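# What the coordinates show
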Amino acid sequence: MLGEQGIVWLFAVMLGLYACGTLTVFVSAEKPRAANWLAHGFAFCGGVCGVAVALALLWQKSTLNLSLWPVAAGLNLSLRLDGLAAFFLLVISLLAAVVSIYAIGYVSEYYDKKSVPLLGGGLNLFLLSMALVVSVDNAFAFLLAWELMSLVSFGLVMFEHERDDVRTAGFIYVVMTHVATLFITLSFLALYLFTGTFAFSDFRTIAGAIPDWLRNLMFVMLLVGFGAKAGIVPLHIWLPRAHPAAPSHISALMSAVMLKTAVYGLLRMLFDVFGGGPAWWGLLVLLAGLVSAVLGIIYGLADNDMKRFLAYSSAENLGVIFVGIGAALLFQAYAYPELAALALAAALYHVLNHAFFKGLLFMAAGSVLYATHTRNINDLGGLIRRMPVTAALFLIGGLAMAALPPLNGFVSEWATFQALFQLSLTAPGFGVKLVGALTIAALGLAGVFAAGGLVKHFGTAFLAMPRSEKAAHASEVPFSMQAGMALLAVGCVVLGLFPGLVLRLLEDVCGLFFHTQLPQAAFFLLPVSGSADAGLLPGAAWIVLASLLGISGLILRQWLGRSRITVEETWTCGALLQPSMQYSGTSFSNPVLVILQRLVGTRREVDIHSHYPYYPRRIRHAVDTRYSIETLLYRPTVGFTVKLAHKIRVVQNGNLQSYLAYVVVALVLALLWMGQVKV
Amino acid sequence: MLQTAFGLFLQTVLLIGLAPLVQGLVKKIKARLQNRIGPPLLQSYYEIAKDLRKQAVISQHASWFTRYAPYIVWSCIVTAGLIVPSFFADSPLGFAGDVLMVIYLFGTARIFTALAALDSGSAFGGMGSSREMAIGAIIEPALLLAVLGVCLAGKTTVLSQLALQVAGQSWDFIDPAYGLAVLAMLIVVMAETGRIPVDNPDTHLELTMIHEAMLLEYSGRYLGLMMWAAEVKQLVVLNLFISLFFPWGIAGGLAEAGLAVSLLLYLLKLALLAATLAVVETLYAKVRLFKVPPLLSSSMALSVLVIILRIVM
């Protein structure tokens, strides 16, 4: 393995590569091909270095400390990669490498239309900022990197800024992300008041001395801040807007990786700095996750835009991760370190899994966009014939997203279920036990809705007949895009087969916080604390499933011969099948929207144009959903802010005399204040 | 190792061999209750054997998905069935997964069926598929909740341990919570097996069908496999019901004594359950599609009560 010196070098090389990649913005926009290969080559190499660093650190269970130079008095710029940081660096770097491969093909779309150097350089700066977010050891530097990440991602979301919807999305994103930053900054400043320095290590020592009310306040602010960045319902509104607006490889990165930096921040503060908290902290995080998991996916049900649905599903999956974190906090409060380690391992496992399958799905949706130039599934159809590779890879990602065995999504969801089950057995209070048990069912519900979304989007976009010319003339995407997606699909299978391998990587993280070991197990087993011989062996199920598949096919063929097939027209009661006769995405989700009418507020409009009502000439049918969260929570807030702004505008009246008066008043006040200080 | 392999083989044969018989039994009892003679007991075997041999007609719009989905669905259901104990508690695949895996394997099968239904572009398929996913979204949490009530009492999610625990308690485990749980589970069993208050397995009327609508474009070997899979799923759900609620007399493993008695008891219980299904199907009418969620919600409400009782006690 790598020595410590080697790891430091490799880490420096990674940062350097990203920095060099950023410099591609200076390549002339006339040479998009060179900029494309250069930027994504640097990003790929940087990602590979990052993976090596993270794996070496996690495997050896070591910590990397790098003290750089003092920036200001009492402000040392230092980097520290402990288990937690290394794990998130692993997630970032894996996706960085894969996304860069995909981007080489995807970005060719923008040749001669948009500035490719800007996009490529932006991608590298985005990766650099995310790598810094997880590796800095100082709250001040953390905020700088965090802000850099937010601004760069805002710039990337706005890449196609000539479109109106993109500008709206970018605006909402930049507002929400700064609300998040505001809350995080406030709680960091509160900690600074106690320590006088910004180092996380000093925060750690002082955290015990902070009065309870302030610590609770800080917890709530951190939850709101990081929750908003993670897209937790009801702070998710930017998520379904910003993700579809960005170029697809950027959406893949944002959803798969950037949301996870919020999880990192929350874990860093709650477990590392505060060392856990009272039980209600855990309960609050768990409930926030639960609400996000269920509502997030329900809001996505009606959407016919593939990337918007995937964004809603991210809100759901981040919810599942928060449920795991909440359970870990609860177990820690109840002093069950082994179970806390199990719950945290489940949450982190889901972080990794979600990065894989959501990255894959966003890239597959991007491939569809690349080939057909539309994200609306009601204009698609039949793509499985023209884009077989993309279709198969989308299906694998979708099955993992719906938490179906035997792929990786199921394994981490299973681990979360086990943690919740243990919670409902061991928690001291009646309420928490009940919450634990009911959360299992609620997550099950969210899982089936995600599965329904998969059937809707895969079924409408990829199966049956094309609904538009664009879909009918689509062709398979370039090799580099297929390769990028295929790598993640292989990852989805491997992570589902060898859960013990991931647990081995997580040992360091859990050992860091809970002073306990995860149960040691073989690489293909996911053990459960509580009963010794219980565990999940996805590999065995895989083998049995595959052999049943093979045997059934072979035996039938051997005994009865090959299946004889005649190809005929689909039965439509005698009429000729038209593309418009197929179930569309809208009609697919109608039954479930009717069932959930109260929750999503579906509104249907049917206009029948005809002289005589029984023989309509033309029917216009529109389904609209009104999300109660947006009408009840955001509209009043926005309205109030705008009203307030109008009030304040009296000051800004454009009158030169009054501006001069302000200057004089300010000067007088300043002088008075100075005088007071002197005395 | 050898025993596991033997167990796997035995249970697979039992599942795929017995499933059509259970279906035939339900149909026969139902027919007798309705004063009809009904099809022969072995009719389902004949149908599967015929379908497997016949030529298939496939839509020209269908892709490879239509041709592979039946095999995947069949294999997923049988794999799930290998995790659930039948007449011996130590189920052959019980070491690899628990009840959650069974439920999620059903989910995989459901998705592949629903997707295959969309593949031919027929509106019937789309209708069945969208209904299945909407109703399935309520069935699955209801099943999870009903199972959780038992798991909480047994403090594990491993099915063989649960079955042995319940069997070992003799009459002590019959309490109000148990009664409610049986009722909740019965509603879920009716829904999961696609039977009358929820879906009607005997109709091809577009207003009512769910599962049948999804299979409408299937024929030949593919239809045979899909029907067989549905019957195996019914048997697996019944197995789950038996091993969670009535595992009395179940043998521990294949090598243990009392295997013959256990097998006889198991067959008797299956026959009784088949009769129950037939009686319920005869007594009730199919409810409207959008009345199904309230029905399943009542099952969930019962399960929540069970969970509260289990936590308090």
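Residues numbered from 1 in each chain as written. Chains lettered and ligands numbered in written order. Predicted model: local features only at pLDDT ≥ 70, side-chain atom pairs only at ≥ 80, totals over all residues. Heavy atoms only, no water.

Here we take up the packing of helix 4 (residues 116-135) of chain A against helix 5 (residues 139-157) of chain A. All names here are of chain A. In contact at an axis separation of 8 Å, helix 4 and helix 5 are set at 155 degrees when each is read in the N-to-C sense. By the angle between their directions, the pair helix 4 and helix 5 is classed as roughly antiparallel. Crossing angle aside, the handedness with which helix 4 passes helix 5 is left-handed. Facing L119, G122, L123, L125, F126, S129, M130, L132 and V133 of helix 4, the residues of helix 5 in contact are F142, A145, W146, L148, M149, V152, S153 and L156. Split into classes, the residues belonging to the contact of helix 4 with helix 5 amount to 14 nonpolar, three polar and no charged. (Axes fitted to C-alpha atoms, helices over the stretch in contact; angles between N-to-C directions. Helix = DSSP H or I, 4+ residues; strand = E, 2+ residues; numbered from the N terminus. Parallel < 35°, antiparallel > 145°, perpendicular 65-115°, else oblique. Left-handed = near helix turned anticlockwise from the far one by under 90°. Contact = heavy atoms within 4.5 Å. Nonpolar A, V, L, I, M, F, W, Y, C, P; charged D, E, K, R; others polar.)

Per the stated rule, a full pass over the model turns up eight cavities of 30 Å³ or more. Looking at the largest cavity, its volume works out to about 100 Å³. If you trace the largest cavity, you find 13 residues lining it, with L301(A), G452(A), F588(A), V592(A) and M133(B) closest to the centre. If you list the elements that add at least two residues to the lining of the largest cavity, you get helix 17 (430-462) and helix 22 (585-595) of chain A together with helix 5 (123-154) of chain B. Per-element accounting of the lining of the largest cavity gives the leading share, five residues, to helix 17 of chain A. Its residues assigned to classes, the lining of the largest cavity shows eight nonpolar, four polar and one charged. Each of domain 1 (276-539) and domain 2 (584-625) of chain A contributes no fewer than three residues to the lining of the largest cavity. (1 Å grid on protein atoms, 1.4 Å probe; cavity = no way out; pocket = protein on both sides within 12 Å on 5 of 7 lines; lining within 4 Å. Points joined across faces, edges and corners; volume = space filled by probe spheres on them. Domains from an automatic or database assignment.)

A few words on the interface of chain A and chain B. Interface extent is often summarised as the accessible area lost during association of the parts. With 75 residues of chain A at the contact, the number on the chain B side is 79 residues. Summing the contributions of chain A and of chain B, the shared interface buries around 6,700 Å²; its carbon and sulfur component is 75%. For the pair chain A and chain B, the interface holds zero salt bridges. Across the contact surface, chain A and chain B share 21 residue pairs in polar contact (both at pLDDT 80 or more). The leading source of residues in the side of chain A that touches chain B is helix 17 of chain A, at 17 residues. (Buried area = accessible area lost by both parts, 1.4 Å probe. Salt bridge = Lys/Arg side-chain N within 4 Å of Asp/Glu carboxyl O. Polar contact = N/O pair within 3.5 Å; in protein donor to acceptor, adjacent residues only side chain to side chain.)

Looking now at the domain arrangement of chain A. Residues and elements named next belong to chain A. Here the domain parsing of chain A yields domain 1 (276-539), domain 2 (584-625) and domain 3 (628-678). Relative to domain 2, the C-alpha centre of domain 1 lies at a distance of 32 Å. Contacts between the two partners involve 14 residues from domain 1, matched on the other side by eleven residues from domain 2. Carbon and sulfur atoms supply 75% of the area that domain 1 and domain 2 bury against each other, a total of about 900 Å² over both sides. Across the domain 1-domain 2 interface, the total number found is zero salt bridges. Along the contact surface separating domain 1 from domain 2 lie four residue pairs in polar contact (both at pLDDT 80 or more). Elements supplying a minimum of two residues to the side of domain 1 that touches domain 2: helix 11 (279-300) and helix 17. Top contributing element to the side of domain 1 that touches domain 2 by residue count: helix 17, with five residues.

Moving on to unusual backbone geometry. V233(A) connects to P234(A) through a cis peptide bond whose omega is 5 degrees. Topologically, P234(A) is positioned in the loop between helix 8 (212-230) and helix 9 (239-245). Look at A335(A): it is not a glycine, yet its phi comes out positive at around 60 degrees. Position of A335(A) among the secondary structure elements: in the loop between helix 12 (306-333) and helix 13 (337-372). Look at N35(B): it is not a glycine, yet its phi comes out positive at around 65 degrees. Of note, N35(B) is situated in the loop between helix 1 (2-33) and helix 2 (43-53).

Take a nonpolar patch on the surface next. All names here are of chain A. On the surface, W59, V490, V494, F498, L501 and F524 cluster together into a nonpolar patch covering about 480 Å² of accessible area. On the secondary structure map, F498 appears in the loop between helix 19 (479-497) and helix 20 (499-514). Judged by relative accessible area, F498 falls into the partly exposed class, the value being 33%. (Patch = residues over 30% accessible without salt bridge, like charges linked within 9 Å, V, L, I, M, F, W, Y side chains within 5 Å. Areas by Shrake-Rupley, 256 points an atom, 1.4 Å probe, with all protein chains shown as cover. Buried < 20%, exposed > 50% of the residue type's maximum accessible area, 1.4 Å probe, protein only.)

With that settled, the discussion passes to the packing of aromatic side chains. Applying the stated criterion across every chain, the model contains 43 aromatic pairs over all chains. Arranged with centres 5.0 Å apart and planes meeting at 40 degrees, the rings of Y173(A) and W238(A) form a pair that is tilted. With Y173(A) in helix 6 (residues 164-195) and W238(A) in the loop between helix 8 and helix 9, this residue pair connects regions lying 65 residues apart in the sequence. The pair formed by Y173(A) and W238(A) is uniform in burial state, with each residue classed as buried. Considering the side-chain rings of F87(B) and Y266(B), the 6.3 Å spacing of their centres and the 40 degrees angle between planes classify their relative orientation as tilted. On the criterion of sequence distance, the pair formed by F87(B) in the loop between helix 3 (64-83) and helix 4 (99-119) and Y266(B) in helix 10 (residues 259-283) is long-range, its members being 179 residues apart. (Phe/Tyr/Trp six-rings, centres within 6.5 Å; stacked < 30°, edge-to-face > 60°.)

All names here are of chain A. Running from amino to carboxyl end, helix 4 crosses helix 10 (residues 248-273) at an angle of 15 degrees, the nearest separation of the two axes being 10 Å. By the angle between their directions, the pair helix 4 and helix 10 is classed as roughly parallel. In the crossing of helix 4 with helix 10, the sense of the turn from one axis to the other is left-handed. Contacts from L119, L123, F126, L127, M130, V133 and V134 in helix 4 reach H249, I250, L253, M254, V257, M258, T261 and Y264 in helix 10.

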